[in-house]
Amino acid sequence: MTPRIAVFYHGLFSHGTPRELRPAAFNIIGEAMQVMEASGLTRAANEIHTCFNGAEEERQYAEMLVHPKCQITMHGPNSFAENLTIVKLWEWCKTHTGWFVLYFHAKGCSHPEGSAYAKGVSEPWRRTMLQYMVGNWQRCIIDLNNGADIVCCRWLWNMADGS
């Protein structure tokens, strides 16, 4: 039996107080959407929820980058972390038992482009998540169907990092 699949993605286009656009965020989010599309996950997913920190005026950026199938949520200009997306996912899961869910985020959007952290940590961490969790989603489904409770990406620490 083919499982029902939902994807929850978190990102941002602006950050700080006052909020300033982060040019790298557009590339990071665009890359994630391209990997989803190329891997077939966009087509296979029953629901895709894309959630962004930022004002309603920033919705236009999401509409330019995400697939039309995606539901877009803007968390508002006072949201600076992924907490509201995780709460949305948690609430959603209460009414969608039996679904397989992928959660991932736009790792690195809040860090200055070209910084040592962006190049040395955020970028390789994000690309690892994209490769193993998004690009390799069909293997994740096999593992879940074979009884795994969770499929995750362990990149830096000995824990489920970021997905």
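Numbering of residues begins from 1 in every chain and follows the order in which that chain's sequence is written. At least 70 in pLDDT is required for a residue's local features to be given in this predicted model, at least 80 for side-chain atom pairs to be given and counted, and no such filter applies to totals for whole chains, interfaces and linings, which use all residues. The side-chain numbers reported here are obtained from all heavy atoms of the structure, hydrogens and water having been left aside.

Student: Describe the pairing of strand β6 (residues 100-105), with residues and values.
Tutor: Only protein chains enter the accessibility calculation, which uses a 1.4 Å probe. A residue is then buried if its area is under 20% of the maximum for its type, exposed if over 50%, and partly exposed in between. Working definition: helices are DSSP H or I runs of at least four residues, strands are E runs of at least two. Numbering for both runs from the N terminus. Counting buried positions over the six residues of β6 gives five, a clear majority of the element. Bridge count between strand β1 (residues 5-12) and β6: six bridges; the pairing is parallel. Bridge assignment links Ala6 to a residue of β6, and that residue is Val101. In this scheme, strands are said to pair when DSSP sees at least two bridges between them.

Student: Break down the sheet that holds β1 for me, with residues and values.
Tutor: Across the sheet, which stays open at both edges, the four strands sit in the order β5-β4-β1-β6 with parallel pairing between neighbours. Pairing within the sheet leaves two strands with one partner each, and these edge strands are β5 (71-74) and β6. Sheet twist, expressed as the average angle between the axes of neighbouring strands with direction ignored, equals 15°. Packed onto the sheet, helix α1 (residues 23-39) meets β1, β4 (47-53) and β6 and runs at close to 165° relative to β1. Each axis is a line fitted through C-alpha atoms, and for a helix only the stretch in contact is used; angles between axes span 0 to 180 degrees, taken between their N-to-C directions. Contact criterion: two residues are considered in contact whenever any of their non-hydrogen atoms come within 4.5 Å of each other.

Student: Now, about α1: what can you tell me, with residues and values included?
Tutor: Expected helix span is given by 1.5 Å per residue-to-residue step, counting one fewer step than there are residues. Helix length check: α1 (17 residues) gives 25 Å between terminal C-alpha atoms against 24 Å at 1.5 Å per residue, within 8%. Within α1, burial applies to Ala24, Ala25, Ile28, Ile29, Gly30, Glu31, Ala32, Met33, Met36 and Ser39. Directly beyond the C-terminal end of α1, a positive phi value near 90° is found at Gly40.

Student: Run through the nonpolar core, naming residues and quoting values.
Tutor: For the purposes of this section, nonpolar cores are sets of buried Ala, Val, Leu, Ile, Met, Phe, Trp, Tyr and Cys residues that join through side-chain atoms within 4.5 Å. Judged by nonpolar contacts, the single largest core of 38 residues is most densely connected at Val7, Tyr9, Met36, Leu41, Phe52 and Phe104. Taken together, the elements giving at least two residues each to this core come down to β1, α1, β4, α3 (59-65), β5, β6, α5 (116-135) and α6 (137-145). The element contributing the most residues to this core is α1, with seven residues. Other than its neighbours up to four places away in sequence, Leu41 contacts Ile5, Val7, Met36, Leu102, Val134 and Trp137. By size, the runner-up hydrophobic cluster in this structure holds six residues, among which are Ala6, Trp92, Trp99 and Tyr103.

Student: An account of the layout of surface pockets is requested, with residue identities and associated values reported.
Tutor: A pocket here means an open set of points on a 1 Å grid, computed over the protein atoms alone, that has protein on both sides within 12 Å along at least five of seven lines. A cavity is instead a set of points where a 1.4 Å probe fits but cannot get out; residues with an atom within 4 Å of a point line either one. Grid points are joined across faces, edges and corners, and a volume is the space filled by probe spheres set on the points. When its volume is computed, the largest pocket comes out at roughly 370 Å³. When contributions to the lining of the largest pocket are tallied by element, the ones reaching two or more residues are β1, β6 and α6. Here the lining of the largest pocket is composed, by residue class, of 16 nonpolar, one polar and one charged. One number sums up the size of the second largest pocket: a volume of about 270 Å³. Together, 17 residues line the second largest pocket, and Glu82, His105, Ala106, Gly108 and Ser110 are the ones closest to its centre. The element best represented in the lining of the second largest pocket is β1, accounting for three residues. Taken together, the residues of the lining of the second largest pocket break down into six nonpolar, nine polar and two charged. When residues are sorted by character, Ala, Val, Leu, Ile, Met, Phe, Trp, Tyr, Cys and Pro go into the nonpolar class, Asp, Glu, Lys and Arg into the charged class, and all the rest, Gly among them, into the polar class.

Student: Kindly report on unusual backbone geometry, identifying the contributing residues and their values.
Tutor: In this model, Thr17 is joined to Pro18 through a cis peptide bond whose omega is 0°. Here Pro18 lies in the loop between β2 (14-15) and β3 (20-21).

Student: Quick rundown of helix α4 (residues 83-94)? Include the residues and the values.
Tutor: Along its twelve residues, α4 runs 17 Å from first to last C-alpha, staying within 8% of the 16 Å computed at 1.5 Å per residue. Burial in α4 covers these residues: Thr85, Leu89 and Trp92. Taken around the axis of α4, the buried residues stretch over an arc of 65°, which confines them to a single face. Opposite its buried face, α4 presents the exposed residues Asn83 and Trp90, each directed more than 90 degrees away. An arc is given here, and it is the one of the directions from the helix axis to the C-beta atoms.

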